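Secondary and tertiary structure notes
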Amino acid sequence: MTPPSFSKPAWGVDLFTQGDTAYEFFMDLGPGRLGERILLARPRTPRGYKGCVVLKCLPTPLGADASGRFQRARARLEEEARLAKYLQHPRIARVHGLVELEQGLCVMMERVEGLTLNTLLSVAQVRGRYFSESFILYVGAETAAALAHAHTRTDEAGVPLGIVNRDIHPGRIRLGPRGEVWLTDFGLALSRLTGRVATSFPRAQGEVLYAAPEALRGEAVDASSDLFSLGLTLLEFATGRHLYDPGHLLAEQVEAQLSQEEREKVLAASVASLDLELPSFAEDALRCAMAFRSEDVEHAARGLSVPLRDILHTLLRHDPAERFATAAELERVLRARLAQLEPYAEQEALREVQQALADVGDDAWDIEVPGDEGGISPPLTEEQAREPLQFEVRPRYKPRRPPDEVTTAPGDKTQHAVRRTPTV
């Protein structure tokens with residue numbers, strides 16, 4: 001029998017079997033960043049189904065000789081699986097292992113239910129009100145705790161592994177159905193793991209729009225680069241504004257803020273990346289990353305409390321040495337500020353998201369949600385309880401506002417939306 005193809009599996013077909021468990025194809029989530037297919041599969045045992053798992057499947061290329069690109073992608077997936085044993089934290093989605101098949105290689109990962117910050121940001125914009133400061137502090141602290149775990153891992157000999165996620169952005173942080181926070185992917189992580197694939201490309205490894213300035217310049221990155229990316233994520237989630245897409249500055253004003261030395265660095269980074277497959281806006285993002293100043297952070301953070309603005313200012317420093325020293329320090333600062341407000345934890349976060357979904361109501365159909373998200377429903381009224389209503393996802397038929405504009409705050413003017421594009 002010919003094994004099913006990763007690129008065109010039929011619904012319900014068994015992709016592979018391990019022991020008495022068959023992994024049945026459920027959904028195709030599209031291509032990954034390394035040429036792999038991202039699939040959802042349902043483990044089926046003689047006792048029934050056991051939830052879902054995520055599979056990163058890299059098909060074996062046709063012909064006897066595998067391309068260099070395939071070999072690099074394979075090495076990265078193997079490294080992700082090897083690194084996973086050091087990332088055992090309750091807020092990091094787990095990698096179950098590597099499966100070698102006739103049709104290719106699969107990394108099997110925990111499937112985390114819930115909604116990403118990316119989706120919740122869309123919910124906030126549709127309803128015209130952003131989430132509370134407590135929610136932002138709580139999500140930030142939980143994510144910082146996960147990063148602190150990753151950043152401080154050592155190997156069996158006690159040698160620091162130097163893990164840097166390199167891909168922190170709103171699509172990687174998820175609120176689960178019990179209000180828990182998840183960091184869902186270390187597939188592009190940098191580490192000192194023995195035998196790892198050296199990264200030689202002078203470019204950011206994850207989402208360009210959330211990369212630290214040093215990553216965009218093709219320079220060395222470390223744990224503080226993850227903290228900068230988290231700062232961009234929290235700023236956008238709290239306000240809808242993004243430093244790399246400044247709605248209050250024209251292109252010529254951004255250029256005018258650059259010193260001669262900064263212009264030279266932008267030019268050097270642009271030339272170095274000419275042969276790379278970068279998105280068209282990568283150079284604009286680099287220019288904005290070099291050009292923003294403290295007053296631009298203050299402008300983007302307007303309307304937030306002074307303590308939260310101070311935290312964002314520290315996260316979003318150009319000089320990595322001026323940011324928080326560690327993710328653990330950031331976590332302590334965020335939790336200290338959260339303790340000054342009303343008690344807030346998993347239950348409060350879940351209720352806030354449920355209320356936001358209820359506020360959106362029928363406008364939820366205007367929100368595009370990836371197929372692997374869900375599991376959170378609005379609170380039910382007594383009438384709805386008799387016929388339960390679930391929050392489902394449908395394709396967006398028509399945008400409610402021009403596609404290049406979003407609401408930044410109730411009653412505020414609009415700004416250009418951050419362009420959400422595939423990772424590079």
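Refer to the structure printed above.
All figures in this text were calculated on a predicted structure; none of them were measured in a lab.

**Focus on the side chain of E214**
Here E214 is to be found in helix α4 (residues 213-216). Within the structure, E214 has its side chain in polar contact with the side chain of R323 (distance 2.8 Å). Excluding its chain neighbours within four sequence positions, the residues that come into contact with E214 are E219, A220, V221, S224, S225, H318, P320 and R323.

**Describing the sheet that holds strand β9 (residues 173-175)**
Ordered by their spatial adjacency, 3 strands build an open sheet running β8-β9-β10, and the pairing between neighbours is antiparallel. Among the strands making up the open sheet, the edge pair consists of β8 (115-116) and β10 (181-183). Sheet topology places β9 next to β10; 3 bridges connect them, and they run antiparallel. Directly across from R174, in β10, lies its bridge partner W182.

**Concerning the environment of E180**
With respect to the helices and strands, the residue E180 is situated in the loop between β9 and β10. Owing to a relative accessible area of 3%, E180 belongs among the buried residues under this scheme. A sequence separation of 169 residues divides E180 from A349, and the C-alpha atoms of the two residues are 8.1 Å apart. A distance of 3.2 Å separates a polar atom in the side chain of E180 from a polar atom in the side chain of W182.

**Regarding unusual backbone geometry**
Note: most peptide bonds trans; most residues except glycine with negative phi. One non-glycine residue, R166, lies in positive phi territory at about 65°. Summarising the element assignment, R166 is placed in the loop between α3 (133-151) and β9.

**Some thoughts on the environment of Q71**
Secondary-structure assignment places Q71 in helix α1 (residues 68-83). Separated by 11 residues in sequence, Q71 and T60 place their C-alpha atoms 10.0 Å apart.

**Describing the packing of helix α10 (residues 306-315) against helix α11 (residues 327-339)**
Packed helix pairs are characterised by how far apart their axes lie and by the angle those axes make with each other. For the pair α10 and α11, interaxial distance at closest approach is 11 Å and the crossing angle is 170°. Taken as axis vectors, α10 and α11 run roughly antiparallel relative to one another. Counted together, P307, I311 and L315 of α10 and L330, V333, L334 and R337 of α11 form the full contact between these two elements. The residue inventory of the contact of α10 with α11, partitioned by class, reads 6 nonpolar, no polar and 1 charged.

**Things to note about the pattern of salt bridges**
Applying the stated criterion to the full structure yields 27 salt bridges. Between R76 and E79 there is a salt bridge, with its nearest N and O atoms 3.6 Å apart. One end of the pair is R76 and the other is E79, both in helix α1 and 3 residues apart, which spans about a single turn. Classification of E79 by relative accessible area gives buried; the value is 3%. Across the pair R323 and E214 runs a salt bridge whose closest N-O atoms are separated by 2.8 Å. Linking R323 in the loop between α10 and α11 with E214 in helix α4, this pair joins segments that are 109 residues apart in sequence. Its relative accessible area of 4% is what places R323 among the buried residues. Linked through salt bridges whose partners overlap, the residues forming this network are R91, E142, E331, R335 and E346.

**Some words on empty space enclosed by the protein**
For the structure shown, the criterion picks out 3 cavities of 30 Å³ or more. A volume near 110 Å³ is recorded for the largest cavity. Every residue lining the largest cavity is counted, 13 residues in all, and those nearest its centre are A84, L87, A93, V95 and F186. In this model, the second largest cavity occupies a volume close to 40 Å³. R76, E79, E80, L83, F186, G187 and A189 together form the lining of the second largest cavity. When grouped by side-chain class, the residues that make up the lining of the second largest cavity number 3 nonpolar, 1 polar and 3 charged.

**Describing the nonpolar core**
Counting residues in hydrophobic clusters, the biggest one holds 84 residues, and the most contacted among them are L120, F135, L175, L243, Y244, L330 and V353. Ranked by the residues each element gives to this core, the list is headed by α3, at 11 residues. Excluding residues that lie within four positions of it along the chain, F135 makes contacts with L120, L175, F237, Y344, A349, E352 and V353. By size, the runner-up hydrophobic cluster in this structure holds 13 residues, among which are L15, L39, C57 and L101.

**Quick look at the packing of aromatic side chains**
Across all of its chains, the model carries 6 aromatic pairs by this definition. The aromatic ring of Y49 is capped on one face by R42, whose charged end is 3.9 Å from the ring centroid. In this structure, R127 is placed above the aromatic ring of F131, and the distance from its NZ or CZ to the ring centre is 5.2 Å.

**Considerations on α1**
If you check α1, its first and last C-alpha atoms are 22 Å apart, about what 16 residues at 1.5 Å a residue would give, namely 22 Å. F70, A73, R74, R76, L77, E79, E80, A81 and L83 are the residues of α1 that are buried. Packed against the buried residues of α1 are β5 (53-59), β6 (95-101) and β7 (104-110).

**Remarks on the packing of helix α2 (residues 117-127) against helix α12 (residues 346-360)**
In contact at an axis separation of 9 Å, α2 and α12 are set at 45° when each is read in the N-to-C sense. Classed by the angle they form, the pair α2 and α12 counts as oblique. Like other packed secondary-structure pairs, α2 and α12 cross with a definite hand, here left-handed. Residues L120, V123, V126 and R127 of α2 lie in contact with α12, whose contacting residues are V353, A356, L357, D359 and V360. Grouping the amino acids of the contact of α2 with α12 by side-chain chemistry returns 7 nonpolar, no polar and 2 charged.

What counts and what doesn't
Residues numbered from 1 in each chain as written. Predicted model: local features only at pLDDT ≥ 70, side-chain atom pairs only at ≥ 80, totals over all residues. Heavy atoms only, no water. Helix = DSSP H or I, 4+ residues; strand = E, 2+ residues; numbered from the N terminus. Polar contact = N/O pair within 3.5 Å; in protein donor to acceptor, adjacent residues only side chain to side chain. Contact = heavy atoms within 4.5 Å. Pairing = 2+ DSSP bridges. Buried < 20%, exposed > 50% of the residue type's maximum accessible area, 1.4 Å probe, protein only. Axes fitted to C-alpha atoms, helices over the stretch in contact; angles between N-to-C directions. Parallel < 35°, antiparallel > 145°, perpendicular 65-115°, else oblique. Nonpolar A, V, L, I, M, F, W, Y, C, P; charged D, E, K, R; others polar. Salt bridge = Lys/Arg side-chain N within 4 Å of Asp/Glu carboxyl O. 1 Å grid on protein atoms, 1.4 Å probe; cavity = no way out; pocket = protein on both sides within 12 Å on 5 of 7 lines; lining within 4 Å. Points joined across faces, edges and corners; volume = space filled by probe spheres on them. Core = buried A, V, L, I, M, F, W, Y, C linked by side-chain atoms within 4.5 Å. Phe/Tyr/Trp six-rings, centres within 6.5 Å; stacked < 30°, edge-to-face > 60°. Lys NZ or Arg CZ within 6 Å of the ring centre and 35° of its normal. Expected span 1.5 Å × (residues − 1). Left-handed = near helix turned anticlockwise from the far one by under 90°.

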